[in-house]
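One letter stands for each residue in the lines below.
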Amino acid sequence: MPASFCNRPAPLVAAELLGALLTVRGCGGRVVETEAYAADDPASHSFRGPGLRNAAMFGPPGRAYVYRSYGIHWCLNVVCLPGEAVLIRALEPLEGLDLMRQRRGQQDPRQLCSGPGKLGQALAIGPSDDGAAFDGADLRLEPDSLPPSQRLAGPRIGITRAVDLPWRFGVTGSPWLSRRF
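It should be emphasised that the depicted structure is a prediction, and the values quoted were computed from it without experimental measurement. (Residues numbered from 1 in each chain as written. Predicted model: local features only at pLDDT ≥ 70, side-chain atom pairs only at ≥ 80, totals over all residues. Heavy atoms only, no water.)

## Section: the overall build of the chain
Helices and strands together make up the secondary structure of the chain, namely four helices and eight strands. Overall, the chain shows an N-to-C arrangement of helices and strands of α-α-β-β-β-β-β-α-α-β-β-β. Here the chain has a C-alpha radius of gyration of 15 Å; the compact-globule value for 181 residues is 16 Å, and the two agree. Reported as C-alpha extents along the three principal axes, the dimensions of the chain are approximately 40 × 35 × 30 Å. Here the chain, with 181 residues, has 48% of them falling under the buried criterion. Excluding contacts between residues fewer than 6 apart, the proportion of contacts in the chain whose partners are at least 24 apart in sequence is 60%. (Helix = DSSP H or I, 4+ residues; strand = E, 2+ residues; numbered from the N terminus. Rg over C-alpha atoms; globule rule 2.2 N^0.38 Å. Buried < 20%, exposed > 50% of the residue type's maximum accessible area, 1.4 Å probe, protein only. Contact = heavy atoms within 4.5 Å.)

This is the structure:
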């Protein structure tokens, strides 16, 4: 993943990450759902500026920003411009399915990565991934082209601020989404 791909506004990167291949230590799949967060976005972890928790969001583009949601789930984001990131919400699982099933305690492939918490558990995302580049053996993100006609956009979910922004993106007709559009 070239840093230049990520060194753009998060909504542009979020839409164009659809179809990309994400691999984490031998497990992964095709990105089918994302959400964008900007520096001036009140729903973003970067809204109040840099701190220890969100330092990766202000680091180089093309790195991982990992945070714990509700004290339970580790969520994976791709850093874009300073203070901007794209949450990877869902994958179509393609590689390492047996290991993902074991980690999730699920046999149904649609339940493996259909939400940011499920995805984090299936891929064994953790705090050691925070700030890591998506170009190594552990984390790899390879953009793939997906025509704009196959992309959906709508309001983000699971937040209480700036809910009207159409910064949730998904692949049209994908059965792997966390929630229908």
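## Section: the nonpolar core
Nonpolar side chains in soluble globular proteins generally cluster together in the buried interior. Ranked by size, the top nonpolar core spans 42 residues in total, and within it L17, L22, L123, F134 and L141 carry the most contacts. Not counting chain neighbours up to four residues away, the residues in contact with F134 comprise M1, L22, G62, R63, A64, L76, N77, V78, L139, R140 and L141. Membership of the second largest hydrophobic core comes to ten residues, among which are Y37, Y67, C75 and L87. (Core = buried A, V, L, I, M, F, W, Y, C linked by side-chain atoms within 4.5 Å.)

## Thoughts on helix α3 (residues 97–104)
For α3, the set of buried residues is M100, R101 and R104. Along α3, the residues classed as buried sweep out an arc of 100° about the axis, all on the same side. Away from the buried face of α3 by more than 90 degrees, exposed residues D98 and Q102 are located. Where the residues of α3 are buried, they touch β2 (27–37), β5 (85–95) and α4 (116–122). Once α3 ends, the next one or two residues include G105, with phi positive near 65°. (Arc of directions from axis to C-beta.)

## Some thoughts on the pairing of strand β1 (residues 21–24)
Alignment of β1 against β2, held across four bridges, turns out to be antiparallel. Residue pairing for β2: L22 is matched across the bridge by G29. Here β1 hands over to β2 after two residues, with R25 in that stretch at a positive phi of 45°. Taken together, the four bridges between β1 and strand β6 (residues 139–142) define a ladder with antiparallel strand orientation. (Pairing = 2+ DSSP bridges.)

## Thoughts on the side chain of T23
Locating T23 in the fold gives a position in strand β1. Leave out the neighbours within four places in its chain, and T23 touches G28, E95, D138, L139 and R140.

## Considerations on unusual backbone geometry
Within the chain, R25 stands out as a residue other than glycine whose phi angle is a positive 45°. Mapped onto the fold, R25 is located in the loop between β1 and β2.

## Details of the packing of aromatic side chains
One pass over the full model with this rule turns up one aromatic pair. The cationic tip of R8 hangs over the ring face of F5; the distance from NZ or CZ to the ring centre is 4.8 Å. A cation over a ring is seen here: R168 above F181, with NZ or CZ 3.8 Å from the ring centre. (Phe/Tyr/Trp six-rings, centres within 6.5 Å; stacked < 30°, edge-to-face > 60°. Lys NZ or Arg CZ within 6 Å of the ring centre and 35° of its normal.)

Distances and angles like these do not, on their own, reveal function.
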